[in-house]
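# Coordinates in review
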Amino acid sequence: MTDVLDRSEPEAFAGSGGAAATANIDNLKPTSGLSTRAKLVLFLLCAANFMVAVDFSILNIAVPSIGKDLHITDANLQWIATAFALPSGGLLLLSGRIGDLAGRKKVFITGTVLFTAASLIATVAWVPAVLLAGRALQGIGAAMIVPTGMALLTTSFPEGPQRERALGINGTLMTVGFTAGMVLGGVLTQALSWRSTMVLNTVMGAVVLFGAPRLLTESRNPHASKLDIPGAATVTTALLALIYALSTAAQVGFGRPDVVIGMVAGVALLVAFGVIESRAAEPLVSLRILRRRNVAIGNIGGLVTFACMSAVVFLGTLFLQQVNGMSPTLTGLVFAVMGIAAAFGGMVAPRLIGRFGARATLAGGLLFQGTLIVPLALITPGNGTILLVTIGAVAAFGHLAAIVAYGVTATSGLEDTEQGLATGLVTTSQQVGLTLGIPLLSAVASARSDSLKSAGHTAKDALSSGIQLGMGTDGVVVLVVAVLVWFGLRPRTRAAQQ
């Protein structure tokens, strides 16, 4: 008998009927043209994801200014990012499932309304509590926008060249949005104030709200009848616990009781979630879909490429500002070069998938990314800017190719009724990767830095050495996962399929 995993073979990744993954490159040209309405839908959905990606990073460079303005202590500055990351990462799967049941367009618009209103609240915040409340509401809105927006994207464009093109543009704008947030955060904060960064989010949200009711068509899973409450509660609490623990550990280390409790509770709840889903009549996450190699391994590749590239940007920002003494605006411009390279990678990725297949493009993108990040372990005050502008930018090209390929990989070979779940997993990988990569690699860098400071090294030398270790670790992790993807997605032999 043919194994259930056969439908997830790389040859079936990029096209209806299992052929388009190996289609000739010419198939990605005129035949993949989009109608005017399709282009507007694509623009709208990509704009929403761009808005969320910008929000994820735009306050990074503005954090010191916010702390000074609202009198937030250094120890509590992390909550400006964590207040957004907790709900945005923890509620993704739940929001995607609610979209399947209640209607993806409805949940998407509701999330955009909440995100826009929350951005306005953050703009006028006069005390830390109001700012953090606004950030938390932004995170809830983002958790509703991202999975439903991705599901609307994959159900609006059929498998094959059109979906690959749409995912390529979307993936490019996600990464460019993250980088643009760094640039805009520095420029706006220095030219106006940190509040102007939240005004930008409010304006973008209003633009999305203007077009969404007119352009989007309602989409839902007609076979879903109820929400898996035990599963939803368990996985949401698990993700919240893990994100809190890792975000806090990056600041205070792994020894504090609340960090240990959060880690243990998160892992235990994930195990309980697996048990619940194996017995649920209508599970939040079907274990059957996770047994598809393209879904499981594709999402691992996506999580790692997001986690490790976001960590490179964060560690590089620390290096440029705190070791090299560069201004926020110039720091943002350095990463703008990465954004340009990433955009080029997003444009080329659909052609690579059409020519070589999703498996080769995903593994190759990860290999490219990891190979070029490893040399950043040699970063020094003398060569840091050059390395980030050159090697780091080329690594961003591979990163975007991997993003597009993993989106195609993890959503192909599935019915439209499964797209909400599949895209919920894809977007969870994205957001959890963005959320966990920075604290994990920061913890590695901090441990090395603290050890050197205790041994008598200067703060700047200790920080520089810690960042070097963080960069090297980052690159090695990506390379290991590239190998896992290549061998994990190998086509089964005919003998193994019988």
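Now for a description of the structure that goes with this document. (Residues numbered from 1 in each chain as written. Predicted model: local features only at pLDDT ≥ 70, side-chain atom pairs only at ≥ 80, totals over all residues. Heavy atoms only, no water.)

## A short note on helix α4 (residues 92–102)
An α-helical segment advances 3.6 residues per turn. Residues three or four places apart therefore align on the same side. Convention followed: Accessibility here uses a 1.4 Å probe with only protein chains present; expressed as a share of the type maximum, an area under 20% marks a residue as buried, one over 50% as exposed, and anything in between as partly exposed. The numbering of helices and of strands both runs from the N terminus, where a helix is a DSSP run of H or I of at least 4 residues and a strand a run of E of at least 2.
A large share of α4 lies buried, amounting to eight of its eleven residues. Leu92, Leu93, Leu94, Ser95, Gly96, Arg97, Gly99 and Asp100 are the residues of α4 that are buried. The positive-phi residue at the C-terminal boundary of α4 is glycine 103, with phi of around 120 degrees.

## Structural notes on the pattern of salt bridges
Spelled out, the test is: Salt bridge, as used here, is a side-chain nitrogen of Lys or Arg placed within 4 Å of a carboxyl oxygen of Asp or Glu.
Taken as a whole and judged by the stated rule, the model has two salt bridges. Residue aspartate 69 is joined to arginine 195 by a salt bridge in which the shortest nitrogen-to-oxygen separation is 3.4 Å. With aspartate 69 in helix α2 (residues 63–70) and arginine 195 in helix α8 (residues 195–215), this residue pair connects regions lying 126 residues apart in the sequence. Aspartate 69 gets classed as partly exposed once you look at its relative accessible area, which sits at 38%. Here aspartate 258 makes a salt bridge to arginine 256, at a shortest N to O gap of 2.9 Å. Judged by its relative accessible area of 37%, arginine 256 is partly exposed.

## Quick notes on the side chain of threonine 202
Operational definition: Throughout, a contact is declared for two residues whenever any of their heavy atoms are within 4.5 Å.
For threonine 202, the location among the structural elements is in helix α8. Using a relative accessible area of 17% as the deciding quantity, one classes threonine 202 as buried. When neighbours within four sequence positions are excluded, threonine 202 is seen to be in contact with Thr116, Ser119, Leu120 and Thr123.

## What to know about the nonpolar core
In globular proteins that are soluble, nonpolar side chains generally tend to be buried together. Where we set the bar: Here the nonpolar core consists of buried residues drawn from Ala, Val, Leu, Ile, Met, Phe, Trp, Tyr and Cys, with membership extended through side-chain atoms lying within 4.5 Å.
By size, the foremost hydrophobic cluster in this structure holds 97 residues, and its most contacted members are Ile66, Phe108, Leu131 and Met338. Looking at this core element by element, the count peaks at 14 residues for helix α15 (residues 384–411). For methionine 338, the contacting residues outside a window of four places in its chain are Met309, Val312, Val313, Leu388, Gly392, Ala393 and Ala396. Counting residues in each nonpolar core, the second largest holds 19 residues, with Ala232, Phe273, Val285 and Leu425 among its members.

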